[in-house]
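Structural features, examined
Here is what each chain is made of, one letter per residue.
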Amino acid sequence: MNLIIFSGPPSSGKTSVILKVIESFQRRKINVGAVKFDCLYTDDDKLYEKAGIPIKKGLSGALCPDHFFASNIEDVVKWGNKKKLDLLITESAGLCNRCSPYLVGVKGVCVIDNLSGINTPKKIGPMLKSADLVAITKGDIVSQAEREVFASRVSAVNPKAVVMHINGLSGQGAYELSTMLYDEKQHLHSVQGMKLRFPMPSAMCSYCLGETRIGQNYQMGNTKKMIWEDGEK
């Protein structure tokens, strides 16, 4: 079984792109399933079900969805193999710009949209910097010049990635993306012992563990203070 990891900021068009990519795989008789990771709520699983795609969803709740991903990906792979899938796609919400769900040896795709802001590629961290491929969406809403500038900003952050423009509504570019994802030689039975491409935050603070009170007396664990000039308040 192949495993592909999709990630990207909220509302960037990840699910729309994935559905169009899966259509391309289905036309080639490749059996595909998906797992959707999110934080508090998602009904995207209904879109997969409507398309006849085997789907599971996991909500991380109070946890970072990428931490939740890392804790569950082995069971996800077992589920995909039990379903006898040729290809399993995971979709993770990029809510924390410090984390990334990509694994060494597994293709990672970052979905980012043209409307997110010209400096967004600099802001979303390893989710973009460590991706193999970057799918830029919503290009039909901006000018050609804006598309080119945004793509150049993406390439500046991750010069090794293949950058593609994908239309999640029409499916333009989805077939081309699909041809770069599936590897007939890959037969993944487990991810036990495999490594994340980028380490997640090294420690937790008291607020990560449920503290709600403000003040230095309540700040324990991994904390960080701003640097102020002398005399400045």
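Residues numbered from 1 in each chain as written. Predicted model: local features only at pLDDT ≥ 70, side-chain atom pairs only at ≥ 80, totals over all residues. Heavy atoms only, no water.

**Points about the nonpolar core**
Note the cut-off: Grouping buried Ala, Val, Leu, Ile, Met, Phe, Trp, Tyr and Cys residues that are joined through side-chain atoms within 4.5 Å yields what is termed a nonpolar core. Three labels apply to residues, based on accessible area from a 1.4 Å probe with only protein chains included: buried if under 20% of the type maximum, exposed if over 50%, partly exposed otherwise in between. Think of it this way: any DSSP run of H or I at least four residues long counts as a helix, any run of E at least two long counts as a strand, and we number them from the N terminus. Throughout, a residue-residue contact means that at least one pair of heavy atoms, one from each residue, lies within 4.5 Å.
Core analysis: the biggest nonpolar cluster contains 31 residues, and Leu-3, Ile-73, Leu-88 and Val-134 have the highest contact counts within it. Elements represented by at least two residues in this core include exactly strand E1 (2–8), strand E2 (32–38), helix H3 (65–82), strand E5 (107–113), helix H5 (126–129), strand E6 (133–137) and helix H6 (144–157). Per-element accounting of this core gives the leading share, 6 residues, to H3. Once residues within four sequence positions are removed from consideration, Val-134 is found in contact with Cys-110, Ile-112, Leu-128, Val-154, Ala-161, Val-162, Val-163 and Met-164. One finds Val-17, Val-21, Ile-89 and Leu-181 within the second-largest nonpolar core, a separate group that totals 25 residues.

**Notes on the packing of aromatic side chains**
Inclusion rule: Between rings of Phe, Tyr and Trp, where Trp is taken as its six-membered ring, a pair exists when centres lie within 6.5 Å; planes separated by under 30 degrees are stacked, by over 60 edge-to-face, and by other angles tilted.
Per the counting criterion, the structure on display carries 3 aromatic pairs. For the pair Phe-25 and Tyr-182, a centre-to-centre distance of 6.2 Å together with 65 degrees between the ring planes defines the contact as edge-to-face. With a gap of 157 residues between them, Phe-25 in helix H1 (residues 14–27) and Tyr-182 in the segment after helix H7 (174–179) connect regions that are remote in the sequence. Note on Tyr-182: relative accessible area 22%, which makes it partly exposed. Ring geometry for Phe-37 against Phe-69: centres 5.2 Å apart, planes inclined by 70 degrees, an arrangement best described as edge-to-face.

**A short note on the environment of Leu-88**
Within the secondary structure, Leu-88 sits in strand E4 (residues 87–93). Owing to a relative accessible area of 0%, Leu-88 belongs among the buried residues under this scheme. Here the alpha-carbon distance between Leu-88 and Met-1, two residues 87 residues apart in the chain, equals 7.1 Å. Discounting chain neighbours no more than four positions away, the residues touching Leu-88 are Met-1, Asn-2, Leu-3, Ile-4, Gly-33, Ala-34, Val-35, Val-76, Val-77, Trp-79 and Gly-80.

**Details of the sheet that holds strand E3 (residues 55–59)**
The cut-off we apply is this: Pairing between two strands is assigned when DSSP locates at least 2 bridges connecting them. The axes are straight lines fitted to the C-alpha atoms, using for helices just the contacting stretch, and the angles between their N-to-C directions are given from 0 to 180°.
Within the open sheet, the 7 strands sit side by side as E3-E2-E4-E1-E5-E6-E7. Their pairing is parallel. Taken across any chain shown, the strands that pair with only one partner, and hence form the sheet edges, are E3 and strand E7 (162–165). Strand-to-strand, the axes of this sheet are offset by a mean angle of 20 degrees, without reference to chain direction. Looking at chain direction, E1 and E4 are connected through 7 bridges and run parallel. The residue bridging Ile-5 from the neighbouring strand is Thr-90, located in E4. Helix-sheet contacts for H3 involve E1, E2, E3 and E4, and the interaxial angle to E4 is about 165 degrees.

**Some thoughts on the pairing of E5**
Among the 7 residues in E5, 6 count as buried, and that is most of the element. Examined bridge by bridge, E1 and E5 share 4 bridges and lie parallel to one another. The residue bridging Ile-4 from the neighbouring strand is Lys-107, located in E5. Inspection of the sheet shows E5 paired to E6 by 5 bridges, in the parallel sense. Bridging from a neighbouring strand, Cys-110 pairs with Val-134 of E6.

**Remarks on H6**
Three or four residues apart is the spacing at which side chains of an α-helix point the same way, because the helix has 3.6 residues per turn. As a reminder of what qualifies: By this rule, a helix spans an expected 1.5 Å times one less than how many residues it contains. It is the directions from the helix axis to the C-beta atoms that the arc portrays.
In this model, H6 (14 residues) spans 20 Å end to end at C-alpha, consistent with the 20 Å of a helix rising 1.5 Å per residue. Along H6, the residues that are buried comprise Phe-150, Ala-151, Val-154 and Val-157. Seen end-on, H6 carries its buried residues on one side only, within an arc spanning 115 degrees. Looking at the packing, one finds that the buried side of H6 touches E5, helix H4 (120–123), H5, E6 and E7.

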